[in-house]
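# Descriptive analysis of the structure
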Amino acid sequence: MSYDASVHSGCVVCRREAGQPSVMPGPGTGHGKPVGASGAPANAGIVVAAISTPLVLLMALATYFTITLLLDVREELDVFIEPVLMEAAANGWSDEAVARHASPGYLLELESSAAAGPLDELRNLGPIQRYDGVETFNVQSGGGGGGTAMASVEVAFGSGERTLSVGLERIESRWYLGSLGLASP
Amino acid sequence: MSSWFRGEAMLWKPYWIGGMIGGFISQVLVGLASLAGSSAMIAAGSTVFIYGMWLQVSIWRCAFNVNNVVWGYLGRVSVVLYVSAWVMLLITLSVF
């Protein structure tokens, strides 16, 4: 049997008998069924596109909403953290200035001097020259307007740029400081 | 494995051996690298990315080396979704 492309247009069986590269014939690639150069059915591109397009669009939509949500969360954290840090730095990182925005748990640490070490480190850095914003964050929702978060914040001090690690607690839809200190290098 | 890349293997080989077993090994590699530091993480991530793309080309080319053509379509759809997921992950990472 000779291979006649005009008759079978790349039929897999004819290609094999003609000694040309072929694929194993299946129900969809049998004798007389057209295949492309790669062994794919001629309509493979259309079928794959028809199945893939809605799924890719769904993925794109999910990505868009994820990015939007993450940007919103970062902005919300920035809106809380920036004035708190500025106020605390302006007051020399005093316990009183930090305590104004502290969660009940952090308040206890401040009162027992358990948080003194990290605040002492901040006191040695000099005044804040620039707040660069939240770099990375991790939020755990506790439900009912509560939850916790950890944020890495870039800040330029008089002595250089440093990364602060800011713990946050959300109580009744309001953010409070849960911890504060320099991020470990 | 070079026959995978040339599209001469049956689809199940790159899909199951390369995808599932290779994917598991990749995850272990990334997990170990994350313990070793950021440089190792970048090296492992790059290796896994290159391997993943090589495997997707293999799956695409071998897609219709099957007994039932439906598996060929699904194989190629999985490639499109895999590549799309990477593109969207890179877009998300570039925003942050």
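Residues numbered from 1 in each chain as written. Chains lettered and ligands numbered in written order. Predicted model: local features only at pLDDT ≥ 70, side-chain atom pairs only at ≥ 80, totals over all residues.

Per the secondary structure count, chain B includes four helices and zero strands. For chain B, the sequential pattern of α-helices and β-strands runs α-α-α-α. Of all 96 residues assigned to chain B, the portion counted as buried reaches 26%. Of all intrachain contacts in chain B linking residues separated by at least 6 positions in sequence, the fraction that spans at least 24 positions is 56%. (Helix = DSSP H or I, 4+ residues; strand = E, 2+ residues; numbered from the N terminus. Buried ≥ 20, exposed ≤ 12 C-beta atoms within 10 Å, placed from the backbone. Contact = placed C-beta atoms within 7 Å.)

On to the nonpolar core, then. Formed by 23 residues in total, the largest nonpolar core has its most connected members in A:Leu77, A:Ile81, A:Ala151, A:Val153, A:Val166, A:Leu168 and A:Leu177. Elements with a contribution of two residues or more to this core: helix H3 (44-90), strand S1 (128-143), strand S2 (146-157), strand S3 (160-171) and strand S4 (174-182) of chain A. With seven residues, H3(A) is the largest single contributor of residues to this core. The residues contacting A:Val153, other than those within four sequence positions of it, are A:Ile81, A:Gly133, A:Val134, A:Glu135, A:Thr163, A:Leu164 and A:Val166. B:Ala9, B:Leu11, B:Tyr73 and B:Val79 belong to the second largest nonpolar core, which has 17 residues in total. (Core = buried A, V, L, I, M, F, W, Y, C linked by C-beta atoms within 7 Å.)

What follows concerns the pairing of S4(A). All names here are of chain A. Relative to S4, S3 runs antiparallel, the two being bridged by eight bridges. Residue pairing for S4: Ile171 is matched across the bridge by Arg174. Hairpin remark: S3 followed by S4, antiparallel, with two residues in the connecting loop; positive phi at Glu172, about 50 degrees. (Pairing = 2+ DSSP bridges.)

With that settled, the discussion passes to the interface of chain A and chain B. At the junction of the two partners, chain A supplies 23 residues and chain B supplies 22 residues. Residue classes in the side of chain A that touches chain B are distributed as 15 nonpolar, eight polar and no charged. (Nonpolar A, V, L, I, M, F, W, Y, C, P; charged D, E, K, R; others polar.)

The backbone of A:Trp93 sits at a positive phi, close to 55 degrees, despite the residue not being glycine. Examined against the element boundaries, A:Trp93 turns out to sit in the loop between H3 and helix H4 (95-99).

Okay, the packing of helix H3 (residues 38-62) of chain B against helix H4 (residues 69-95) of chain B next. Residue and element names in this part refer to chain B. Where H3 contacts H4, the two axes come as close as 8 Å, and the packing angle between them is 155 degrees. In terms of orientation, H3 lies roughly antiparallel with respect to H4. Where H3 crosses over H4, the two elements pack in a sense that is left-handed. Listed contacts from H4 to Gln56, Ile59 and Trp60 of H3 are Gly75, Arg76, Val79, Tyr82 and Val83. A breakdown of the residues in the contact of H3 with H4 according to their chemical character gives five nonpolar, two polar and one charged. (Axes fitted to C-alpha atoms, helices over the stretch in contact; angles between N-to-C directions. Parallel < 35°, antiparallel > 145°, perpendicular 65-115°, else oblique. Left-handed = near helix turned anticlockwise from the far one by under 90°.)

To continue, consider the confidence of the model for chain A. Residues and elements named next belong to chain A. With 78% of its residues at a pLDDT of 70 or more, chain A has an overall mean of 79. Low confidence marks residues 5-11, where pLDDT is under 50. Its contacts with residues over four positions away, or in another chain, come to 13 contacts. Note that residues 24-32 has pLDDT below 50 and, in this model, 25 contacts with residues that lie over four places away or in other chains. (pLDDT = per-residue confidence, 0-100.)

A separate point is the packing of helix H2 (residues 12-36) of chain B against H3(B). Residues and elements named next belong to chain B. Orientation of H2 relative to H3, taken along the N-to-C sense of each, is 170 degrees, at an axis distance of 9 Å. Regarding the angle of H2 to H3, the classification is roughly antiparallel. Judged by residue contacts, Pro14, Tyr15, Gly18, Gly19, Gly22, Ser26, Leu29, Val30, Ala33, Ser34 and Ala36 of H2 engage Ala40, Met41, Ala43, Ala44, Gly45, Val48, Tyr51, Leu55, Ser58, Ile59 and Cys62 from H3. Here the contact of H2 with H3 is built from residues that sort into 15 nonpolar, seven polar and no charged.

Right, let's get into the pairing of S3(A). Residues and elements named next belong to chain A. The sheet contact formed by S2 and S3 spans 11 bridges and is antiparallel. Looking at S3, one finds that Met150 is bridged to Gly167. Two successive antiparallel strands, S2 and S3, enclose a turn made up of two residues.

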